Amino acid sequence: MSETRPPAVRNEFYTLSLGDVEITAISDGVLQVPLANFPSADAGSAALLAGAEAASGKVPIPVNCFLVRTAGNVMVVDTGAGALFGPAAGHLIQNLGLAGCRPDHIDTVLMTHLHIDHVGGLVTNDAPVFANAELVVAQGEIEYWQSPGFPEAAPERQRGSAIAATRALELYRGRISTFASGAALTPRIRTVPLPGHTPGHTGFVFDGGERQLFLWGDIIHSSLLQFAEPDWHYGADVDRDLAARTRIDVFTKAAEQSSLVAGMHLPFPAMGHVLRSEAAFSFRPLTMGAG
């Protein structure tokens, strides 16, 4: 990703109770990426982007993380871009503080995957940001980013992520746990394999007893484009065809089941419901303050 003319910093967090589990969406910022990052986009993209807060030829992509509090743990899911994209993002720690949480409070960092805008906030000044936390990642994801020759041998579109992921994994060495595809992490948290964007890309279902929330990671990058055109892939997808199939399957099930979903690139407060109209989908976000 790249950014230009970053928007003003937004101090944003939004907390939702699921019963025994409390989830707070934390804004890390908003990136402006080239429309060319969506290689399938056609002339119709101009209409889909009409009214968006974006420079010409750019697509706004929110970057979100999630603070999860349970009876036994204080967790964060993904860590945003850190200092790797300039002032447009990297606001996780500031907004965590506004939500009443410091990095040293975090005992677990759950990772949906290891792309640069998710691992960027793990490290600062060559030191772990979350000094007391265990890093929890899908085994298949670790294996991909530790492929022979990485980061130098990583595909061009993955190289920046490979460098950032390699650095983070080195600094958290000895505090990394992995899980098998589809495993339950606790009675309240289970994993959902969502392959395509990366081989080990994973979602998490949080069950608070009263209701559930499905955190789907990077199923989409642009709500403006990919709900209307779910087969449009993103340039950083490792397997673009599989990513599109996974996205359409997730959209379909979420709409059919009226699931409460959340995502790293959904418009803030980054939680809501998927609606379907024939082959197209749309997103209805939760209203801030509605809970």
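What comes next is a walk through the structure. (Residues numbered from 1 in each chain as written. Predicted model: local features only at pLDDT ≥ 70, side-chain atom pairs only at ≥ 80, totals over all residues. Heavy atoms only, no water.)

## Here we look at the sheet that holds strand β14 (residues 261-262)
So, point 1. Spatially, the 7 strands line up as an open sheet ordered β10-β11-β12-β13-β14-β15-β16, and their pairing is mixed. Two strands close off the open sheet at either side, each with one partner strand: β10 (184-186) and β16 (280-285).
So, point 2. One ladder, built from 2 bridges, connects strand β13 (residues 212-215) with β14; its direction is parallel. Each residue of the ladder has a partner; that of phenylalanine 214, found in β14, is valine 261.
So, point 3. Sitting on the sheet, helix α7 (residues 240-257) touches β13, β14, β15 (271-277) and β16, and the angle it makes with β15 is about 95°. (Pairing = 2+ DSSP bridges. Helix = DSSP H or I, 4+ residues; strand = E, 2+ residues; numbered from the N terminus. Contact = heavy atoms within 4.5 Å. Axes fitted to C-alpha atoms, helices over the stretch in contact; angles between N-to-C directions.)

## Thoughts on the pairing of strand β2 (residues 22-34)
So, point 1. Along β2, 11 of the 13 residues are buried, which leaves the element largely enclosed by surrounding structure.
So, point 2. Hairpin connection, strand β1 (residues 13-17) to β2: the antiparallel pair is bridged by 4 residues, and glycine 19 has positive phi, about 115°. (Buried < 20%, exposed > 50% of the residue type's maximum accessible area, 1.4 Å probe, protein only.)

## Section: the pairing of strand β3 (residues 58-69)
So, point 1. Counting buried positions over the 12 residues of β3 gives 11, a clear majority of the element.
So, point 2. Note: β2 against β3, 12 bridges, orientation antiparallel. Across the sheet, the residue bridging to glycine 29 is valine 63, located in β3.
So, point 3. The pairing of β3 with strand β4 (residues 74-77) spans 4 bridges and is antiparallel. Bridging across to β4, valine 68 finds its partner in methionine 75.
So, point 4. Between β3 and β4, which pair antiparallel one after the other, the connecting turn spans 4 residues.

## Some thoughts on the nonpolar core
So, point 1. Ile106, Val109, Met111, Leu114, Leu122, Phe130 and Leu135 are the most contacted members of the largest nonpolar core, which has 47 residues in total.
So, point 2. Taken together, the elements giving at least two residues each to this core come down to β2, β3, α2 (92-98), α3 (116-119), β8 (134-138), α4 (139-145) and α5 (159-171).
So, point 3. Residues within four places of phenylalanine 130 in sequence aside, it is in contact with Val76, Thr79, Leu92, Ile93, Leu96, Pro103, Ile106, Val109, Gly121, Leu122, Tyr172 and Arg175.
So, point 4. Met75, Val77, Val250 and Val261 belong to the second largest nonpolar core, which has 43 residues in total. (Core = buried A, V, L, I, M, F, W, Y, C linked by side-chain atoms within 4.5 Å.)

From the geometry alone we can't say anything about function, so treat these as descriptive.
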